[in-house]
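# Examining the three-dimensional arrangement
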Amino acid sequence: MRIHLTSVFVDDQEKALRFYTDVLGFVKKHDVPMGDHRWLTVVSPEEPDGTELLLEPSVHPAVAPYKSALVQDGIPAASFAVDDVRAEHERLRSLGVTFTQEPLEMGQITTAVLDDTCGNLIQIIHAA
């Protein structure tokens, strides 16, 4: 068994696609119209056949309170591995990304948390 697909709820799919591709560096995998929304996934350019991230519309009534509670408590909706958290933090900050947690070393791992502009906090992490 392996993870094939996971998702983050986004307020605006087009805005999310721009952020997740142009800023974070993922690449679009699927973009299928589905009425008012799309089946819209991105993948790592390093693993084009790997786990897909679905940019899921935040339309279900339970989503808004769920996302709000996570953000209020500082809990990331997803975590992405990077080779160097400090370097990625600087690269993203230079692109205007807002961080809610600066790089933090905790033993064998370093993390930082950013705002994805679509209603989520996202963690970047490197484990030594």
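Residues numbered from 1 in each chain as written. Predicted model: local features only at pLDDT ≥ 70, side-chain atom pairs only at ≥ 80, totals over all residues. Heavy atoms only, no water.

You'll find the protein entered in an unreviewed UniProt entry as VOC family protein, with Streptomyces composti given as the organism.

### Thoughts on the overall build of the protein
Each helix and strand in the protein was counted, giving three helices and eight strands. In the protein, the succession of α and β elements from N to C terminus is β-α-β-β-β-α-β-α-β-β-β. Relative to its length of 128 residues, the protein is compact, with a C-alpha radius of gyration of 15 Å against a globular reference of 14 Å. Summarising its shape, the C-alpha atoms of the protein cover approximately 45 × 35 × 35 Å along the three principal directions. Per-residue burial for the protein yields a buried fraction of 35% across its 128 residues. For the protein, long-range pairs separated by at least 24 residues make up 51% of all intrachain contacts whose partners lie at least 6 apart in sequence. Carbon together with sulfur atoms contributes 54% to the accessible area of the protein, which is approximately 7,700 Å² in total. Each charge sign in the protein was given a centre, from 10 positive and 20 negative side chains, and these centres are 3 Å apart. (Helix = DSSP H or I, 4+ residues; strand = E, 2+ residues; numbered from the N terminus. Rg over C-alpha atoms; globule rule 2.2 N^0.38 Å. Buried < 20%, exposed > 50% of the residue type's maximum accessible area, 1.4 Å probe, protein only. Contact = heavy atoms within 4.5 Å. Areas by Shrake-Rupley, 256 points an atom, 1.4 Å probe, with all protein chains shown as cover. Lys, Arg positive; Asp, Glu negative; His and termini not counted. Charge placed at Lys NZ, Arg CZ, Asp CG, Glu CD.)

### A closer look at a nonpolar patch on the surface
Taken together, Leu5, Val32, Met34 and Trp39 make up a surface patch of nonpolar side chains, about 330 Å² in accessible area. Along the chain, Val32 turns up in strand β2 (residues 27–34). (Patch = residues over 30% accessible without salt bridge, like charges linked within 9 Å, V, L, I, M, F, W, Y side chains within 5 Å. Salt bridge = Lys/Arg side-chain N within 4 Å of Asp/Glu carboxyl O.)

### Digging into the pattern of salt bridges
Counted by the stated rule, this structure contains eight salt bridges. Close ionic contact of Arg86 with Glu105 constitutes a salt bridge, the shortest N to O distance being 3.3 Å. Here Glu105 lies in strand β6 (residues 99–106) and Arg86 lies in helix α3 (residues 85–94), a separation of 19 residues in the sequence. Notably, a salt bridge pairs Arg91 with Glu88, separated by 2.7 Å at the nearest N-O pair. Taken as a pair, Arg91 and Glu88 lie in helix α3 at a separation of three residues, close to a single helical turn.

### Quick notes on the sheet that holds β6
One key point about sheets: their strands pair by backbone hydrogen bonds, in either a parallel or an antiparallel sense. Spatially, β5-β8-β7-β6 is the arrangement adopted by the four strands of the open sheet, whose pairing is mixed. Pairing within the sheet leaves two strands with one partner each, and these edge strands are β5 (78–81) and β6. Direction aside, the axes of adjacent strands within the sheet are offset by 20° on average. In this structure, β5 lies alongside strand β8 (residues 121–127), joined through four bridges in parallel fashion. Residue Ala81 lies in a different strand from β8, and its bridge partner there is Ile125. (Pairing = 2+ DSSP bridges. Axes fitted to C-alpha atoms, helices over the stretch in contact; angles between N-to-C directions.)

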